[in-house]
Amino acid sequence: MIVIGELINSTRKAIAQAIEQRDEVYLKDLARRQVEAGAHFIDVNAAAGGNEIENMQWLVELVQEVVDVPLCIDSPNPAAIKVGLELCRQKPMINSISAENERWEEVLPLVKQYKTKVIALCMDSKGMPESVEDRLRVADQLVTGLTAAGISEDDIYLDPLVKPLGVNHNFGVEILESTRALRQKYPGVHLVSGLSNVSYGLPERKLLNRVFMVMSVAMRMDAFILDPLDQTIMSLLAASRSLSGQDEYCMDYIAGVRAGKIKA
Ligand code: THG
């Protein structure tokens, strides 16, 4: 199970402000705490406000001063992704490529040049996926294209693109069914989602995010972009991992409980 810590994202007001003010203490602390809480990658997004290129460079260096985990370089702008990758000390992940023509053409060369892992969004030039079938069709283009370009399945993280349940009551089921179908079709690729989109606009969002994570693990999703400082979601993730056959003799679960990291 792979955890991508989502908190250093400039779409959050506190982060945009901290980047703007060059608040090293706050941002370093957030990086450190996410890793201590169990994040395997730190997502770094500096896209909001101006000077994205400069901000990305500053942020990537800053985060690497305090943590040893690889980064997930998150930007709509390929030029910003490139400067971020250039500074990474460990094999990074790109967030993200998609089957949109321009995005594909601009990001694929970066995946190849920097030998990165990559999140591949199940969307194409027609826009967001509207059904399970849309996701399967686009996923096929993505996996075929990426593997043809020499990218190994282990470096591909398909993202079915979670949409808000508050907009349509079927959006949760659509993702769960997509996840199951994608796993069946591509046993060797990773499946990732940004959980918090599901709860957008609804009350008690953490409750929905947590339960959706557990349901997604049951469908064999194996990576999540989430808030690792939510101890409850991290405990549920560990329990879900054991319950879905990924923790022999429940060794990791038992060790986590003994260490005080996993709590009911
Ligand atoms: N897939 C991929 N990347 C993604 C997403 C995805 N990146 C963005 C997003 N979805 C996941 N990342 C975050 C980061 C922070 C927050 C939510 C998702 C967050 N939001 C606050 C909230 O939800 O209450 C609001 C902002 C604030 O704090 O000001 O913290 O699906 N590939």
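Above this text is the structure in question.
A brief structural summary. Every residue gets a number counted from 1 within its own chain, in the order that chain's sequence is written. Selection of residues for local features in this predicted model requires a pLDDT of at least 70, selection of side-chain atom pairs for listing and counting requires 80 or more, and totals for whole chains, interfaces and linings are taken over all residues. Hydrogen atoms and water are omitted, and side-chain values are computed over all heavy atoms in the structure.

What to know about helix H3 (residues 52-66)
Taking 1.5 Å per residue as the helical rise, H3 with its 15 residues ought to reach 21 Å, and the 21 Å between its terminal C-alpha atoms agrees with that figure. Taken together, the buried positions of H3 are occupied by Glu52, Asn55, Met56, Trp58, Leu59, Val60, Leu62, Val63 and Gln64. The contact definition used throughout considers only heavy atoms, calling two residues in contact when any of these lie within 4.5 Å. In this description a helix means any DSSP run of H or I spanning at least four residues, a strand means any run of E spanning at least two, and both kinds are numbered starting from the N terminus. Looking at the packing, one finds that the buried side of H3 touches helix H1 (13-20), helix H2 (24-36), strand E2 (41-44), strand E3 (71-74) and helix H4 (78-87). Given the number of residues in a helix, its expected span is that number minus one, multiplied by 1.5 Å. Remark: exposure states derive from per-residue accessible area (1.4 Å probe, protein chains only) relative to the maximum for the residue type, with buried under 20%, exposed over 50%, and partly exposed in between.

A short note on the site of the ligand
If you check the shell around the ligand, you find 14 residues, and the closest are Arg12, Asn95, Asp159, Ser196 and Arg205. Polar contacts here mean pairs of N or O atoms no more than 3.5 Å apart (in protein, one a potential hydrogen donor and the other a potential acceptor; neighbouring residues in sequence count only if both atoms are side-chain atoms). A distance of 3.1 Å separates an oxygen atom of the ligand from a polar atom in the side chain of Arg12. Within the contact set of the ligand, an oxygen atom lies 3.4 Å away from a backbone nitrogen or oxygen of Gly194. All accessible-area figures derive from a Shrake-Rupley calculation using a 1.4 Å probe, and residue coverage is judged against the displayed protein chains alone. Expressed as a share of its isolated accessible area of 660 Å², the protein-covered part of the ligand is 69%. Classification convention: Asp, Glu, Lys, Arg as charged; Ala, Val, Leu, Ile, Met, Phe, Trp, Tyr, Cys, Pro as nonpolar; all other residues, Gly among them, as polar. A breakdown of the residues in the shell around the ligand according to their chemical character gives 3 nonpolar, 5 polar and 6 charged. What makes a residue near a molecule or strand is one non-hydrogen atom of that residue sitting within 4 Å of it.

Details of the pairing of strand E7 (residues 190-194)
Most of E7 is tucked away, with 5 of its 5 residues classed as buried. Of the two faces of E7, the one lined by His190, Val192 and Gly194 and the one lined by Leu191 and Ser193 are each fully buried. For strand E6 (residues 156-159) and E7, the ladder comprises 2 bridges, and the chain directions are parallel. Bridge pairing in E7 links Leu158 to Leu191. Handedness of a crossover: with both strands directed away from the viewer, a clockwise path from the first strand across the helix to the second marks it as right-handed. In this fold, E6 hands off to helix H7 (residues 171-185), which returns the chain to E7; that crossover is right-handed. Direction of pairing for E7 relative to strand E8 (residues 223-226): parallel, over a ladder of 3 bridges. Considered in E8, the bridge of Ser193 is made with Phe224. Strand pairing is assigned whenever DSSP detects at least two bridges linking the two strands.

Details of the environment of Tyr114
Turning to its location among the elements, Tyr114 is positioned in helix H5 (residues 101-114). Spatially, the C-alpha atoms of Tyr114 and Ala239 are 35 Å apart, while their sequence positions differ by 125 residues. Among residues more than four places away in sequence, those in contact with Tyr114 are Lys82, Leu85 and Glu86. A polar atom in the side chain of Tyr114 sits 2.5 Å from the side chain of Glu86.

Fair warning: the whole summary comes from geometry, so function is off the table for now.
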